[in-house]
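# Coordinate inspection notes
One letter stands for each residue in the lines below.
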2 protein chains.
Amino acid sequence: MIPIISIVGKSNSGKTTLIEKLTPELKRRGLKVGTIKHDVHGFELDQEGKDTWRHAQAGVDIVVISSPQKAACIKKVDIELTLDELVCQFLTDMDVVLTEGYKRQDKPKIEIYRAELGEEPLCADDKTLIAIVSDTQTQLNVPHFSTQDIEQLADFIIKRFRNIGDKDAVQLFVNGKQIPLSKRFTQTILHKTISGMIDSLKGTESAKQIRIFIDENA
Amino acid sequence: MIPIISIVGKSNSGKTTLIEKLTPELKRRGLKVGTIKHDVHGFELDQEGKDTWRHAQAGVDIVVISSPQKAACIKKVDIELTLDELVCQFLTDMDVVLTEGYKRQDKPKIEIYRAELGEEPLCADDKTLIAIVSDTQTQLNVPHFSTQDIEQLADFIIKRFRNIGDKDAVQLFVNGKQIPLSKRFTQTILHKTISGMIDSLKGTESAKQIRIFIDENA
């Protein structure tokens, strides 16, 4: 299972800065890190007049741009995607996903709290809060890290999500949500059965990476 | 199978304009259209100083941004992804994928040709050329459309890729490449076997969308 951890806090509390500091600590521990930024107001990544912008204006549903260093994808949606759906679509290769924002979703949360921005932490009554990052003391009954304790925060995350980085050979997503699979039993059965089934098809020799997409309504 | 069609032509021949005109014609025929733009020089989608730009600078491997209207993903790669890999990762929901450029890959090609830009069409000797769009005559033995004949070009594409838009309930990708599956037999077996196997797992009730990712090296 890919851990999804939400970095939450009031506006200007330092969420982006915390992600900037935490990412290298997690990467130094060998983890692939993905992030999801919530933009309620809508965003414009592409620049007017560029070829990819012109594609989107012409009605293309998904525009992809690819270079030797990067690949990017811009996709229109009818309904905002959930965190689980975003992970299922874009982040299945990652060891851990940090979200900036998403305080209303039910993922484990780390709040960055600055006393001067308001009286109470955002997640004072939130059962999904797992830690607080703040340079002032709070009454909250969760581990507390100062904004300088980023190494300790990374260690805490690694300890809290025990199998972090221990990538599953088989990942299953149903209706956009990852389903936990026991390594020994379920993963082995799924892996062997599927490999056996597709073995006789042309083009499946030395299959190292298998992707199956099933859509009931298709 | 998702048809992938490359729109090729010399620089300034009108590739982007052709995609701009062809897309609404294909969409009017009920198709979901994705595009892939090849950018050999590298691109910068994000703007300096923005939160997502700061994530990427901090070393995040995949940055996702999500709003109620759009979702986007920017991913670092070590080696440029192939067209098949890009489709497998980003475009499996589409009915047809148009690429801008990619004249060296082996996908069916439509060349846009302007006599004033050079003596010969790019794909004069290319067996993957399926049509030419040009306002001058050529000697090439493929269907010819003028730059005004976009409706006819869309009809030609629909006829050429017979099952276009007839989305498979089960899509299989091995090592990044889509494997053709016979609808009646292979799709049904895969679908029923997989549904049966995961049926007893928690969280798989009313599974409309199933995604399985298998990675040998994980």
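Attention here is on the structure that accompanies the text. (Residues numbered from 1 in each chain as written. Chains lettered and ligands numbered in written order. Predicted model: local features only at pLDDT ≥ 70, side-chain atom pairs only at ≥ 80, totals over all residues. Heavy atoms only, no water.)

### What about the relation of the copies chain B and chain A?
Heads up, the rule is: A least-squares fit on C-alpha atoms brings the copies together, and the residues used are those whose pLDDT is at least 70 in both copies. The criterion used for residue contact is that any of the two residues' heavy atoms lie within 4.5 Å.
Rotating chain B by 180° and moving it 0.0 Å along the rotation axis overlays it on chain A with an RMSD of 0.0 Å. Both copies of the chain, as the preceding transformation shows, are related through a two-fold rotation axis. When you check the interface residues of chain B against chain A, 100% turn up at the interface there too, and the contact is symmetric in its surfaces.

### A closer look at the pattern of salt bridges
Our working rule: Definition used for salt bridges: Asp or Glu carboxyl oxygen within 4 Å of a side-chain nitrogen of Lys or Arg. Strands are runs of DSSP state E lasting at least two residues, helices are runs of H or I lasting at least four, and both sets are numbered from the N terminus onward. Think of it in three bands: residues with accessible area under 20% of the maximum for their type are buried, residues over 50% are exposed, and the middle band is partly exposed, with areas taken using a 1.4 Å probe on protein chains only.
One pass over the structure, following the stated rule, counts 28 salt bridges over all chains. A salt bridge links A:Arg28 to A:Glu25, with the nearest nitrogen and oxygen atoms 3.0 Å apart. With A:Arg28 and A:Glu25 both in helix H1 (residues 15–28) and three residues apart, the pair spans about one turn of that helix. In this structure, B:Asp61 and A:Lys27 form a salt bridge, with 2.9 Å as the shortest nitrogen-oxygen distance. Note that B:Asp61 is positioned in the loop between helix H2 (51–57) and strand E3 (62–66) and A:Lys27 in helix H1, a pairing that runs across two chains. Residue class for B:Asp61 comes out buried when judged on its relative accessible area of 17%. The partly exposed category is assigned to A:Lys27, whose relative accessible area is 30%. Among the ionic contacts, a cluster of salt bridges with common partners joins A:Lys75, A:Asp215, B:Asp93, B:Lys167 and B:Arg211.

### Brief notes about the environment of A:Gln105
Residue and element names in this part refer to chain A. Structurally, glutamine 105 can be placed in the loop between strand E5 (96–100) and strand E6 (109–113). Sequence separation between glutamine 105 and serine 6 is 99 residues, and the spatial gap between their C-alpha atoms is 8.7 Å. Apart from the residues within four sequence positions on either side, glutamine 105 is in contact with Thr82 and Leu83.

### A short note on the pairing of strand E7 (residues 129–134) of chain B
Residues and elements named next belong to chain B. This is how the line gets drawn: Two strands are said to pair when DSSP picks up at least two bridges between them.
Burial of E7 is extensive: six of the six residues sit out of reach of the surface. Looking at chain direction, strand E6 (residues 109–113) and E7 are connected through five bridges and run parallel. Among the inter-strand pairings, lysine 109 is bridged to a residue of E7, identified as leucine 129. Pairing of E7 with strand E8 (residues 144–145) involves two bridges; the strand directions are parallel. Opposite isoleucine 132, over in E8, you have histidine 144 as the bridge partner.

### Overview of the sheet that holds strand E11 (residues 209–215) of chain B
Convention followed: Axis definition: a line fitted to C-alpha atoms, over the contacting stretch in the case of helices. Angles run 0 to 180 degrees between N-to-C directions.
The six strands are arranged E10(A)-E9(A)-E11(B)-E11(A)-E9(B)-E10(B) in an open sheet whose pairing can be described as antiparallel. Each edge of the sheet is formed by a strand with only one pairing partner; in this case those strands are strand E10 (177–179) of chain A together with strand E10 (177–179) of chain B. Across this sheet, the average inter-strand angle for adjacent strands is 25°, counted without regard to direction. Here strand E9 (residues 170–174) of chain A pairs with E10(A) via three bridges, running antiparallel. Within E10(A), the position partnered with A:Leu172 by the bridge is A:Ile179. The sheet strands contacting helix H5 (residues 183–198) of chain A are E9 and strand E11 (209–215) of chain A together with strand E9 (170–174) and E11 of chain B, and the helix crosses E11(A) at an angle near 90°.

### Here's the deal with the interface of chain B and chain A
Filter applied, for reference: Buried area: the accessible surface (1.4 Å probe) lost by two parts on joining, summed over both.
Each side of the interface is counted separately: chain B has 100 residues, and chain A has 100 residues. Both faces considered, chain B and chain A share a buried interface measuring about 9,400 Å² in area, 58% of it formed by carbon and sulfur atoms. Per-residue buried area on chain B facing chain A is highest for B:Leu45, B:Phe213 and B:Ile214; these three make up 9% of the total on that side. Linking chain B with chain A are twelve salt bridges.

### Quick look at the pairing of E11(B)
Counted residue by residue, E11(B) has six buried out of seven residues, so it is predominantly covered. Relative to E11(B), E9(A) runs antiparallel, the two sharing five bridges. Paired with A:Val170 across the bridge in E11(B) is B:Ile214. By the bridge criterion, seven bridges tie E11(A) to E11(B) in an arrangement that is antiparallel. Counted as the bridge partner of A:Ile210 is B:Ile214 from E11(B).

### A look at the packing of aromatic side chains
Describing an aromatic ring pair means giving the distance of the ring centres and the angle of the ring planes. The condition is simple: Aromatic contacts are taken between Phe, Tyr and Trp rings whose centres are within 6.5 Å, Trp giving its six-membered ring; a plane angle under 30 degrees counts as stacked, one over 60 as edge-to-face, and the others as tilted. Two thresholds decide whether a charge sits over a ring: the Lys NZ or Arg CZ must be within 6 Å of the ring centre and within 35 degrees of the ring normal.
A complete count under the given rule lists six aromatic pairs over all chains for this structure. Ring centres 6.5 Å apart and planes at 45° place the aromatic pair A:Phe90 and B:Phe90 in the tilted group. Separated into two different chains, A:Phe90 in helix H3 (residues 83–90) and B:Phe90 in helix H3 (residues 83–90) make up a pair that spans both. No difference in accessibility class separates A:Phe90 from B:Phe90, as the two residues are buried. When the ring of B:Phe145 is compared with that of B:Phe156, the centres are 5.4 Å apart and the planes differ by 50°; the resulting orientation is tilted. Residue B:Phe145 is found in strand E8, and its partner B:Phe156 is found in helix H4 (residues 150–160); the two are separated by eleven residues along the sequence. The exposure class of B:Phe145 is buried, given its relative accessible area of 9%. The exposure class of B:Phe156 is buried, given its relative accessible area of 16%. The side chain of A:Arg160 reaches across the aromatic face of A:Phe161, ending 5.7 Å from its centre.

### Observations regarding the nonpolar core
To keep it simple, the criterion reads: We define a nonpolar core as any set of buried Ala, Val, Leu, Ile, Met, Phe, Trp, Tyr and Cys residues linked to one another through side-chain atoms lying within 4.5 Å.
In terms of nonpolar packing, the biggest core is built from 34 residues, with A:Ile36, A:Phe90, A:Leu91, B:Ile36, B:Phe90 and B:Leu91 touching the most fellow members. Within the residue set of this core, elements represented by two or more residues are strand E3 (62–66), strand E4 (70–76) and H3 of chain A together with E3, strand E4 (70–76) and H3 of chain B. Those residues in contact with B:Ile36 that lie beyond four places of it in its chain are A:Val64, B:Leu83, B:Leu86, B:Val87, B:Leu91, B:Val97, B:Leu98, B:Thr99, B:Glu100 and B:Tyr102. By size, the runner-up hydrophobic cluster in this structure holds 26 residues, among which are A:Val174, A:Leu201, B:Leu181 and B:Ile212.

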